[in-house]
Each structure stands twice: as C-alpha cells, then as structure tokens.
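A structural walkthrough
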Amino acid sequence: MTDITIYHNPACGTSRNTLALIRNSGVEPTIILYLETPPNREQLKALISAMGISVRSLLRKNVEPYEQLGLAEESFSDEQLFEAMLSYPILINRPIVVSRLGTRLCRPSEVVLDILPDAQQGAFSKEDGEKVIGDDGKRMV
C-alpha cells in the first residue's frame, strides 16, 4: 500500500485538484486538515527541509494576517516567520504532499505527479476544465 499524506484545505481549488490527482492514482491518502490540526514547529521545520525551500517560500501572501503582520518586510527571521505560521496556520501555503518519492508544495496541483509512486488510472481534468491527464492515463504536455 502506498503511503501518502496531504496537508489539505478543502476550501482551496488547488488543494482539491491535488487530492483528486492522488486519488486518480488509486491511493486514498492520509488527509490532514491543516487549519484544524496544524503542524507543530518540528513538523513544519521538517516539511520545509524536505521540500528544500526557504521558510519564506512557504508563506501565503494573499491572506489578511500577512499584510496585518507586515510579513512582506525582509527583516523577519526564519524563527519569526515560523512563529507567524504557527500562530496563524492560514499563512502556510498548501497543499503539501508527502510520499516516499518526496515532499512538495503542490502549486500548481500537477506538481504532485512528480512524487506519486503509482500511475494515473484514467483521464483527469482540473475543476476549471483544464485537462491534465489524457484518456491513456498519461500527463498532457
């Protein structure tokens, strides 16, 4: 059985599309509703390290706490950015997917295809109608 975890926000179209792509590979992932059960400091640090990105790269910029806290300022340390994300989980960009092939921030949603161990089982189109996987189960170019 393939073990995949998604840090998911069901209100987000990109997150829903990513979850649907995982399911289209025949896997039911572990779903962590990160706004209800946010990662702790150690988990968040481990996710960022596994993705090989900076702390700032995981920040969502188009949400109210970002502007309110002035997080656009480059003067914030990584520790201060961690504190902001731990205090306001909405600041954590999503979806994050963890599989045995890697950990990725799946924006756009088809980034998840790079870390899915199992092939797509059929055609797939995003919610907006964009075709991502053809009838043959192969990624569209």
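First things first, this report covers the structure right here in the doc.

Within the protein chain one finds four helices and six strands. Ordering the α and β elements of the protein chain from the N terminus gives β-α-β-α-α-α-β-β-β-β. Taken over C-alpha atoms, the radius of gyration comes to 16 Å for the protein chain, in line with the 14 Å a tight globule of 141 residues would show. Taking the principal axes of its C-alpha atoms as reference, the protein chain extends roughly 50 × 30 × 25 Å. Classification of the 141 residues of the protein chain by burial places 46% in the buried group. A separation threshold of at least 6 residues defines the contact pool for the protein chain, and within that pool the share at least 24 residues apart is 56%. Accessible surface, the protein chain as shown: approximately 7,400 Å² in total, 48% of it carbon and sulfur. In the protein chain, 15 positive and 19 negative side-chain charges are present, and the distance between their average locations comes to 3 Å.

The subject of this paragraph is the environment of Asp118. Relative to the elements of secondary structure, Asp118 occurs in the loop between β4 (102–105) and β5 (124–125). As for Asp118 and Arg23, which are separated by 95 residues in sequence, their C-alpha atoms are 10 Å apart. Beyond its immediate chain neighbours, meaning those up to four positions away, Asp118 contacts Thr2, Ser25 and Val27.

For the rest of this paragraph, the subject is the side chain of Asn24. Note that Asn24 resides in helix α1 (residues 13–24). You can call Asn24 buried: its relative accessible area is 17%. Looking at Asn24, its side chain comes within polar contact range of the side chain of Gln120, at 2.7 Å. With sequence-adjacent residues up to four places away left out, Asn24 is seen in contact with Ala119, Gln120, Gln121, Gly122, Ala123 and Phe124.

The rules we used
- Residues numbered from 1 in each chain as written.
- Predicted model: local features only at pLDDT ≥ 70, side-chain atom pairs only at ≥ 80, totals over all residues.
- Heavy atoms only, no water.
- Helix = DSSP H or I, 4+ residues; strand = E, 2+ residues; numbered from the N terminus.
- Rg over C-alpha atoms; globule rule 2.2 N^0.38 Å.
- Buried < 20%, exposed > 50% of the residue type's maximum accessible area, 1.4 Å probe, protein only.
- Contact = heavy atoms within 4.5 Å.
- Areas by Shrake-Rupley, 256 points an atom, 1.4 Å probe, with all protein chains shown as cover.
- Lys, Arg positive; Asp, Glu negative; His and termini not counted.
- Charge placed at Lys NZ, Arg CZ, Asp CG, Glu CD.
- Polar contact = N/O pair within 3.5 Å; in protein donor to acceptor, adjacent residues only side chain to side chain.

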